[in-house]
Amino acid sequence: MLSQILSKSSCAACKFCCSFRRQSLWETPLFPPEVVEKLSKPNEYGVVGEFRDGQIVLGGYRTDDTEEEVPCTFLDPHKGCILKPEDKPFDCSIWPLRIMRKDGELVIALTPTCPSIGAVPSQALIDLVKSGLGEKILEYAKTHPYIVKEYREGFPII
């Protein structure tokens, strides 16, 4: 959805959004119930995921270091995400944007740690969100409320 701003090759080379430190586990993607059902048992991808309340549960931390990162269960280090578009979480499709609730309102915020976008939304990103993408994101959130995360300080609202 953000291909006008982010190139697939820069995202594929980075994969920052596909690995998580312990303190960022709240950011792991949320999957729709029907996809959780499919991916929690043997499936076409050959990888069975573990989920809690629709969120992927990651294992594999080898140390107590809070900076250690663990990749998403569905990330192939050479090919990228192995999920087909219909199984890919909406969170992943709009990254580094986030749907959040702030003071009872839905907002679209920028994850300030995306290496490709940076901590401050560019005018091009703002224009893309205002040209219809934002409306699409908010509509999705209204019909899939489980995807909304609570606002966190430091996430610029677009």
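Described below are features of the structure shown in this document.

### Topic: the overall build of the protein
Okay, step 1: A count of helical and extended segments in the protein gives 4 helices and 9 strands.
Okay, step 2: Across the protein, helices and strands are ordered from the amino to the carboxyl terminus as α-β-α-β-β-β-β-β-α-β-β-α-β.
Okay, step 3: Computed over its C-alpha atoms, the radius of gyration of the protein comes to 15 Å, within 12% of the 15 Å expected for a compact globule of 158 residues.
Okay, step 4: Principal-axis analysis of the C-alpha atoms gives the protein an extent of 40 × 30 × 30 Å.
Okay, step 5: Buried positions account for 42% of the 158 residues belonging to the protein.
Okay, step 6: Here the protein has roughly 8,900 Å² of accessible surface; of this, 52% comes from carbon and sulfur atoms.
Okay, step 7: With 19 positive and 22 negative side-chain charges, the protein shows a separation of 4 Å between the mean positions of the two kinds.

### Re the nonpolar core
Okay, step 1: By size, the foremost hydrophobic cluster in this structure holds 20 residues, and its most contacted members are Leu-2, Phe-90, Leu-97, Ile-99, Leu-125, Ile-137 and Ile-147.
Okay, step 2: Ile-147 has contacts with Leu-30, Phe-90, Asp-91, Ile-99, Tyr-140 and Ala-141, leaving out every residue within four places of it along the chain.
Okay, step 3: One finds Phe-20, Val-35, Leu-39 and Ile-56 within the second-largest nonpolar core, a separate group that totals 16 residues.

### Let's talk about the side chain of Asp-87
Okay, step 1: The residue Asp-87 is located in the loop between strand S6 (80-81) and helix H3 (90-94) in this model.
Okay, step 2: On the basis of relative accessibility, which here comes to 5%, the residue Asp-87 falls in the buried class.
Okay, step 3: Only 2.7 Å separates the side chain of Asp-87 from the side chain of Lys-38, close enough to count as a polar contact.

### Thoughts on the pairing of strand S7 (residues 97-102)
Okay, step 1: Direction of pairing for S7 relative to strand S8 (residues 105-110): antiparallel, over a ladder of 6 bridges. Paired with Ile-99 across the two strands is Ile-108, which belongs to S8.
Okay, step 2: What sits between S7 and S8 in their antiparallel hairpin is a turn of 2 residues, with Asp-103 showing a positive phi close to 55°.

### Observations concerning the pattern of salt bridges
Okay, step 1: In the structure shown here, the tally under the stated rule is 10 salt bridges.
Okay, step 2: Here Lys-38 makes a salt bridge to Asp-87, at a shortest N to O gap of 2.7 Å. You can see Lys-38 sitting in helix H2 (residues 33-39) and its partner Asp-87 sitting in the loop between S6 and H3, a full 49 residues away along the chain.

### Details of helix H4 (residues 123-143)
Okay, step 1: End to end, H4 covers 28 Å across 21 residues, agreeing with the expected 30 Å (1.5 Å per residue, within 8%).
Okay, step 2: Where H4 bends most, the angle comes to about 65°, and this point is Leu-133.
Okay, step 3: Regarding H4, the residues found buried are Leu-125, Ile-126, Leu-128, Val-129, Leu-133, Gly-134, Ile-137, Tyr-140 and Ala-141.
Okay, step 4: On its buried face, H4 is in contact with H3, S7 and S8.

### Overview of the packing of aromatic side chains
Okay, step 1: For the coordinates displayed, the defined rule picks out 4 aromatic pairs.
Okay, step 2: Summarising the aromatic geometry, the rings of Phe-90 and Tyr-140 are spaced 3.8 Å apart at their centres and angled 15° between planes, so their arrangement reads as stacked. Pair noted here: Phe-90 is in helix H3 and Tyr-140 is in helix H4, with a separation of 50 residues, a long-range link.
Okay, step 3: An aromatic cluster of three or more residues is present, and its members are Phe-31, Phe-51 and Phe-74.
Okay, step 4: Its guanidinium or amino end placed over the ring of Tyr-61, Arg-22 lies 4.2 Å from that ring's centre, counting from NZ or CZ.

Conventions adopted
- Residues numbered from 1 in each chain as written.
- Predicted model: local features only at pLDDT ≥ 70, side-chain atom pairs only at ≥ 80, totals over all residues.
- Heavy atoms only, no water.
- Helix = DSSP H or I, 4+ residues; strand = E, 2+ residues; numbered from the N terminus.
- Rg over C-alpha atoms; globule rule 2.2 N^0.38 Å.
- Buried < 20%, exposed > 50% of the residue type's maximum accessible area, 1.4 Å probe, protein only.
- Areas by Shrake-Rupley, 256 points an atom, 1.4 Å probe, with all protein chains shown as cover.
- Lys, Arg positive; Asp, Glu negative; His and termini not counted.
- Charge placed at Lys NZ, Arg CZ, Asp CG, Glu CD.
- Core = buried A, V, L, I, M, F, W, Y, C linked by side-chain atoms within 4.5 Å.
- Contact = heavy atoms within 4.5 Å.
- Polar contact = N/O pair within 3.5 Å; in protein donor to acceptor, adjacent residues only side chain to side chain.
- Pairing = 2+ DSSP bridges.
- Salt bridge = Lys/Arg side-chain N within 4 Å of Asp/Glu carboxyl O.
- Expected span 1.5 Å × (residues − 1).
- Bend = angle between axes of the 7 residues up to and from the residue.
- Phe/Tyr/Trp six-rings, centres within 6.5 Å; stacked < 30°, edge-to-face > 60°.
- Lys NZ or Arg CZ within 6 Å of the ring centre and 35° of its normal.

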